[in-house]
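# Residue-level structural notes
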Amino acid sequence: MASITVPHALMLERILSLEIVRVTERAAVNAARLRGRGDEKAADQAAVDAMRRELNNLPIDGTVVIGEGEMDEAPMLFIGERVGSKAGFKVDIAVDPLEGTTLCAKNMPGAIATLAIAEDGTLLHAPDIYMDKIAVGPGYPGGVVDLDAPAGDNILNLAKAKGVRPHAITAMILDRPRHADLIAAVRKAGAAVSLITDGDIAGVIHTAEPDKTGIDIYLGIGGAPEGVLAAAALRCIGGQMQCRLVLDTEEKRARAVKMGIADPRRKYRIEDMVRGDCLFAATGVTDGRMLRGVKFGNRVIETETVVMRSVTGTVRWIHAEHRQLEKF
Ligand code: VTB
């Protein structure tokens, strides 16, 4: 008889890689019921409730590292909350039960329910502040782009590494006034800019498959929690990412220090934000470029989820038809 050679932790992680699909599916379905109602808070709460309930069914001793906020301001899935059956494997958890609350409330494309699970003590404890980000997909030499280089140089270097003219490069950027100079610099270098109103986790993930998505590079300032979740996804599928917290006030610096951040200027790479093996899952809430949203039928609810595992780099696209509707 073959002996068990797979270590327990790895085996459990392998099982969890499918289990976490249920967690994001449920969160997405709950939020999707509130699509287009103009109530961001209610949609977020619905996703949080479902995600928390499902996480508590997993055989893990999980600690929320990236969550809905500090304990006093977020009653559920707060940073430091322990979830799971608490009997199992110790893990760090990063959640964004409804990434793109506005997208969901307005029923616009791109809202997702997302989650990452990583080895205990390996996720960056990022405060809920801004983070400057740059990301490209796999297959480029290390350092092809750099957070500290001018945007134009990054576009030219990337084009050279890809073997195309800068005109063939497309950068995805959040449509915010703070990005006016960045957008102008990218365009000046000859590249196209694809603007998004929200949803930079998906934005970063788009860079992993430029042939499919048409996006070569992600640039700009977005949420730090979203940065860690995006890093978890890239850790699974490959690519390069560099980030730096935007610590522009004394209050933010103090919050960062409280969360264990010693060097406020530190440039984080994927391996600094997600220091060990991880799993990442996202389910579409509204239809998006990456995932289809939840579809409510008479007898079935359909969901689409992407789930990734860093140990193997496997990416699964799971289209589910749920028939036990009372469970949602
Ligand atoms: C981004 C975006 C998110 O927050 O991280 C953004 O990807 C950053 O904050 O979907 P601002 O909206 O203040 O620019 C979200 O929009 C989610 O809140």
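Predicted, not measured: the structure shown is a model, and the values here were computed from it.

## What to know about the site of the ligand
Around the ligand, a shell composed of Glu-99, Tyr-130, Leu-174, Arg-176, Arg-178, Asp-198, Gly-199, Asp-200, Gly-222, Gly-223 and Glu-226 is seen. The side chain of Tyr-130 places a nitrogen or oxygen atom 2.4 Å from an oxygen atom of the ligand. Taken together, the residues of the shell around the ligand break down into 2 nonpolar, 3 polar and 6 charged.

## Comments concerning unusual backbone geometry
Glycine aside, negative phi is the norm for most residues, and most peptide bonds take the trans geometry. A positive phi angle, near 55 degrees, is found at Leu-77, a position not held by glycine. Its place among the elements puts Leu-77 in the loop between strand S1 (60-66) and strand S2 (82-83). By relative accessible area, Leu-77 is classed as buried at 0%. Phi at Asn-107 is positive, roughly 50 degrees, even though this residue is not glycine. Positionally, Asn-107 belongs in the loop between helix H3 (101-105) and strand S4 (112-119).

## With respect to the environment of Val-228
Take Val-228: it is sitting in helix H8 (residues 224-237). A relative accessible area of 1% places Val-228 in the buried class. Sequence-wise, Val-228 and Asn-157 are 71 residues apart; in three dimensions their C-alpha atoms are separated by 25 Å. The residues contacting Val-228, other than those within four sequence positions of it, are Ile-66, Leu-123, Leu-124, Ala-126, Met-273 and Val-274.

## Quick look at the packing of aromatic side chains
Going through the model one piece at a time under the given rule, you end up with 0 aromatic pairs. For the cation-ring pair, Arg-178 lies above Tyr-130, with the distance from its terminal atom to the ring centre recorded as 4.4 Å.

## Describing the sheet that holds strand S10 (residues 268-269)
To summarise the sheet geometry, strands pair through backbone hydrogen bonds and adopt either a parallel or an antiparallel arrangement. Pairing is mixed across the open sheet formed by 6 strands, whose spatial order is S7-S6-S8-S5-S9-S10. Each having just a single partner strand, strand S7 (192-196) and S10 make up the two edges of the open sheet. Summarising the sheet, strand S6 (residues 170-174) and S7 pair through 5 bridges and their orientation is parallel. Paired with Ala-171 across the bridge in S7 is Val-193.

## Overview of the domain arrangement of the protein chain
Each domain of the protein chain was delimited in the assignment, giving domain 1 (8-121 + 278-327) and domain 2 (130-273). Of note, the centres of domain 1 and domain 2, computed from C-alpha atoms alone, are 24 Å apart. Each partner contributes to the roughly 1800 Å² buried at the junction of domain 1 and domain 2, and carbon and sulfur atoms together form 72% of this total. The interface formed by domain 1 and domain 2 contains 3 residue pairs in polar contact (both at pLDDT 80 or more). Secondary-structure elements contributing two or more residues to the side of domain 1 that touches domain 2 are strand S3 (89-99), H3, S4, strand S11 (278-284) and strand S13 (301-309). Among the elements that make up the side of domain 1 that touches domain 2, the one with the highest residue count is S3 (4 residues). Looking at side-chain class alone, the side of domain 1 that touches domain 2 contains 13 nonpolar, 4 polar and 4 charged residues.

## Observations concerning the pattern of salt bridges
Tallied over the full model, the rule gives 19 salt bridges. A salt bridge links Glu-54 to Arg-26; the nearest nitrogen and oxygen atoms lie 3.0 Å apart. With Glu-54 in helix H2 (residues 40-55) and Arg-26 in helix H1 (residues 8-32), this residue pair connects regions lying 28 residues apart in the sequence. Since its relative accessible area comes to 8%, Glu-54 is described here as buried. Close ionic contact of Arg-266 with Asp-272 constitutes a salt bridge, the shortest N to O distance being 3.3 Å.

## A short note on H8
Here H8 contains 14 residues, and its C-alpha end-to-end distance of 20 Å stays within 8% of the 20 Å for a straight helix at 1.5 Å per residue. Of all the 14 residues making up H8, 12 are buried; the element is thus mostly covered by neighbouring parts of the structure. Every buried residue belonging to H8 is among Ala-224, Pro-225, Glu-226, Gly-227, Val-228, Leu-229, Ala-230, Ala-231, Ala-232, Ala-233, Leu-234 and Cys-236, and all of these are buried. One or two steps after H8, the chain reaches Gly-238, where phi turns positive at roughly 95 degrees.

## Side note on the environment of Ala-282
Within the secondary structure layout, Ala-282 lies in strand S11. Residue classification places Ala-282 among the buried residues on the basis of a relative accessible area of 0%. Placed 22 residues apart in sequence, Ala-282 and Glu-304 show a C-alpha to C-alpha distance of 8.5 Å. When near neighbours in sequence (up to four residues on either side) are disregarded, Ala-282 contacts Thr-24, Ile-112, Ala-113, Thr-114, Leu-291, Glu-304, Thr-305 and Val-306.

How each quantity is defined
Numbering of residues starts from 1 in each chain and follows the order in which that chain's sequence is written. With the structure being a predicted model, the display of local features is reserved for residues of pLDDT at least 70 and the display and counting of side-chain atom pairs for 80 or more, all residues being used for whole-chain, interface and lining totals. As a rule here, side-chain values cover all heavy atoms of the structure and leave hydrogens and water aside. Near residues are defined by distance, with any heavy atom within 4 Å of the molecule or strand qualifying the residue. Within 3.5 Å is the distance limit for a polar contact, defined as a pair of N or O atoms, with the added protein rule that one can donate a hydrogen and the other accept it, and that residues adjacent in sequence qualify only through two side-chain atoms. Asp, Glu, Lys and Arg are counted as charged, while Ala, Val, Leu, Ile, Met, Phe, Trp, Tyr, Cys and Pro are counted as nonpolar; the rest, among them Gly, fall into the polar class. Put simply, DSSP H or I for four residues or longer makes a helix, DSSP E for two residues or longer makes a strand, and each gets a number counted from the N terminus. Each residue's exposure class comes from its accessible area (1.4 Å probe, protein chains only) as a fraction of the maximum for that residue type: buried when under 20%, exposed when over 50%, partly exposed otherwise. Any two residues whose heavy atoms approach within 4.5 Å are treated as being in contact. Pairing of aromatic side chains here covers Phe, Tyr and the six-membered ring of Trp, requires ring centres within 6.5 Å, and sorts the geometry by plane angle: under 30 degrees stacked, over 60 edge-to-face, intermediate tilted. Charges are assigned to positions over rings by a cutoff of 6 Å between ring centre and Lys NZ or Arg CZ, combined with an angular limit of 35 degrees from the ring normal. Only strands joined by at least two bridges in the DSSP assignment are considered to pair. For the domain bounds, the source is a domain assignment made automatically or taken from a database. By convention, the term buried area covers the 1.4 Å-probe accessible surface removed from two parts as they join, with the contributions of both added. Here a salt bridge means any side-chain nitrogen of Lys or Arg lying within 4 Å of a carboxyl oxygen belonging to Asp or Glu. Helices are assigned an expected span. That span is 1.5 Å times one less than the residue count.

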